[in-house]
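Survey of secondary and tertiary structure
Chain residues, written in single-letter form:
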Amino acid sequence: MPAADIPDPEAFPETGAYADKLAFLLEYARLAPSLLNSQPWQFSLRDHTLGVLPDLERWQPVTDPERRELYLSLGCALENLLTAAEYFRLGFHVAFGDSERGDETFARVQFVEGATINQVRDPGLFHAIVRRRTCRRPFLPKLIPHEELLQLRNARLETDLALRFLANLEQKRRLAELVAAADRRLFANPDYRRELAGGIRRGMWRLPGPLTPLAVLAVRHLNPGPRLARRERQLLMSAPVLAVLASRNDTPVDWIRTGQLFQRLALTATKLGLAIQPMNRLLQVRSHRHELASMLPDNRLRPHVLLRLGHVDGGDRPTPRDPLSRHRV
Ligand SMILES: Cc1cc2nc3c(=O)[nH]c(=O)nc-3n(C[C@H](O)[C@H](O)[C@H](O)COP(=O)(O)O)c2cc1C
């Protein structure tokens, strides 16, 4: 898989055909984060409408049996697309729909040429799209200032979704235990390790070339669960702030919209110079997900993403992406 091509905003076809302007937005959508770098999205462009649809061939059924993380990933791509649309002053309206068979949910972004822009997103987030990374390194022992936490909190535009910060040490220790227990349990399943190996092959761990096949073999044939569990516990404990994203209902549309919130938070963190990592394995074990739900002030909320935020020195390389042609339908 080639390295992700970084689009140049100067190449936006300002005076070109409207369809070319819409197609340009997809260069930003495809840079979104996704479960195991699976990039489970397809894009259609008909008239003035962009469709963001799930690509079920890229679904990871063992890791994500309910397809929750597939739709969260789709929401991340949608949010990149909308952030870029606002930046390039293209007015739109978003609707969600279900396929005729009812087994797929998609987003439809209807653009109206010349329409007034409703700028709801911070325009500064656009430049963060190409700089955002998932960080898997321990954080520096440095707090996040209150003012920055407020900016992160304000990333939530969806009043019906919840963004909760967890900073209580007891909760953090308990979550570290749950994350480690989830790793040990999930990695004991060879089918789970096979899906993870696919992510490593897609460049998820940013390993130097020759190490990738070795890591794939090690993950498939040796069980790295106990070692990764210790590592993830350490990563989580190093975080000055943990956050949970949740919604009241548990439908694909809730997952897409929570994915949008996650991506806006990730872009806000990037703009502030903070590093971010979703730590979702805990949520892949049903009983652990329930326990996380019970830690939230309103225990009717359904958690979808657990993430850590903090500081690191230096940056990480981008992970590869498939060419856009593999996602166009
Ligand atoms: C829904 C979702 C769940 C994810 N879960 C994890 C996780 O549990 N641990 C992790 O290290 N990264 C996780 N990631 C990050 C992906 O591995 C990452 O986005 C992908 O490899 C591409 O890399 P990038 O984000 O640096 O561009 C998740 C991403 C998404 C969208």
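Residues numbered from 1 in each chain as written. Predicted model: local features only at pLDDT ≥ 70, side-chain atom pairs only at ≥ 80, totals over all residues.

1. Thoughts on the overall build of the protein chain
Applied cut-off: Here a helix means four or more residues in a row that DSSP labels H or I, a strand means two or more in a row labelled E, and each is numbered from the N terminus. With the radius of gyration taken over C-alpha atoms, the globule rule is written as 2.2 Å times the number of residues to the power 0.38. Exposure criterion: with C-beta atoms placed from backbone coordinates, a residue whose C-beta has 20 or more other C-beta atoms within 10 Å is buried, one with 12 or fewer is exposed, and one in between is partly exposed.
Counting secondary structure elements, the protein chain contains nine helices and eight strands. A compact globule built from 329 residues would reach a C-alpha radius of gyration of about 20 Å, and the protein chain, at 19 Å, matches this within 12%. If you line up the protein chain on its principal axes, its C-alpha atoms span 55 × 45 × 45 Å. Counting over 329 residues, the protein chain shows a buried share of 44%.

2. Concerning the sheet that holds strand β5 (residues 161–166)
Think of a sheet as strands paired side by side through backbone hydrogen bonds, with each pair either parallel or antiparallel. The following threshold applies: Here, strands pair whenever DSSP counts at least two bridges between them. For helices, the fitted line uses only the C-alpha atoms of the stretch in contact; every axis is such a line through C-alpha atoms, and the angle between N-to-C directions lies from 0 to 180 degrees.
The four strands lie next to each other as β5-β6-β8-β7, forming an open sheet whose pairing is antiparallel. Only two strands of the sheet have a single partner each, and these edge strands are β5 and β7 (275–278). Neighbour-to-neighbour, the strand axes of this sheet turn through a mean angle of 25 degrees, independent of strand direction. Where strand β6 (residues 241–247) and strand β8 (residues 302–310) come together, seven bridges link them in antiparallel fashion. Bridging across to β8, Leu 242 finds its partner in Arg 308.

3. Remarks on the sheet that holds strand β2 (residues 49–54)
Our working definition: Contacts here follow a simple rule: the backbone-placed C-beta atoms of the two residues must lie within 7 Å.
Here four strands make up an open sheet; going across it, the order is β1-β2-β4-β3 and the pairing antiparallel. Where the open sheet ends on each side, the last strands, each with one partner, are β1 (41–46) and β3 (92–98). Looking at each pair of strands side by side, their axes are set apart by 20 degrees on average, direction ignored. Across the sheet, helix α1 (residues 18–29) touches β1, β2 and β4 (105–111), and the angle it forms with β1 is around 170 degrees. On top of the sheet, helix α8 (residues 252–271) reaches β3 and β4; it is set at about 55 degrees to β4, its chief contact.

4. Examining the packing of helix α5 (residues 190–201) against helix α6 (residues 211–221)
In plain terms, the rule: Should an angle lie under 35 degrees it is considered roughly parallel, over 145 roughly antiparallel, and from 65 to 115 roughly perpendicular; all remaining angles are considered oblique. Polar here means any residue other than Ala, Val, Leu, Ile, Met, Phe, Trp, Tyr, Cys and Pro, which are nonpolar, and Asp, Glu, Lys and Arg, which are charged; Gly is therefore polar.
It is at 9 Å that the axes of α5 and α6 come closest, and there the two elements cross at 170 degrees. Taken together, the axes of α5 and α6 lie roughly antiparallel to each other. Every residue of α6 that contacts α5 at Arg 193, Arg 194, Leu 196, Ala 197, Ile 200 and Arg 201 is listed here: Thr 212, Ala 215, Val 216, Val 219 and Arg 220. Among the residues forming the contact of α5 with α6, the class breakdown is six nonpolar, one polar and four charged.

5. Examining the site of the ligand
Put simply, the rule reads: To decide whether a residue is near a molecule or strand, its C-beta atom is placed from the backbone and checked for lying within 6 Å of it. Residue ranges for the domains originate in an automatic or database domain assignment.
The local shell around the ligand holds 19 residues, among which Pro 33, Asn 37, Thr 134, Met 204 and Asn 280 are the closest. Listing elements by their share of the shell around the ligand, those giving two or more residues are α2 (68–87) and β7. Among the elements that take part in the shell around the ligand, α2 stands out by supplying four residues, more than any other. Split by residue class, the shell around the ligand holds eight nonpolar, seven polar and four charged. Lining the shell around the ligand are residues from two domains, each supplying at least three of them: domain 1 (9–132) and domain 2 (146–310).

6. Looking at the domain arrangement of the protein chain
For the protein chain, the domain assignment lists domain 1 (9–132) and domain 2 (146–310). A separation of 22 Å is found between the C-alpha centroids of domain 1 and domain 2. Taken residue by residue, the interface counts 29 residues in domain 1 and 31 residues in domain 2. Of all elements in the fold, only α2 and β4 reach the threshold of two or more residues within the side of domain 1 that touches domain 2. When the residues that make up the side of domain 1 that touches domain 2 are grouped by side-chain class, the tally is 15 nonpolar, nine polar and five charged.

7. With respect to α1
The test is simple: Here a helix's expected span is defined as the number of its residues, less one, multiplied by 1.5 Å.
For α1, which comprises 12 residues, the first-to-last C-alpha distance of 18 Å matches the rise-based estimate of 16 Å (1.5 Å per residue) to within 8%. By the burial criterion, the buried members of α1 are Leu 22, Phe 24, Leu 25, Leu 26, Glu 27, Tyr 28 and Ala 29. Residues of α1 that are buried in the fold lie against β1, β2, α2 and β4.

8. Quick notes on unusual backbone geometry
Of note in this structure, Gln 39 is not a glycine but carries a positive phi near 50 degrees. With respect to the element layout, Gln 39 can be found in the loop between α1 and β1. Unusually for a residue other than glycine, Arg 206 sits at a positive phi of about 50 degrees. Within the secondary structure, Arg 206 is located in the loop between α5 and α6. What makes Arg 206 partly exposed here is the crowd of 16 C-beta atoms within 10 Å.

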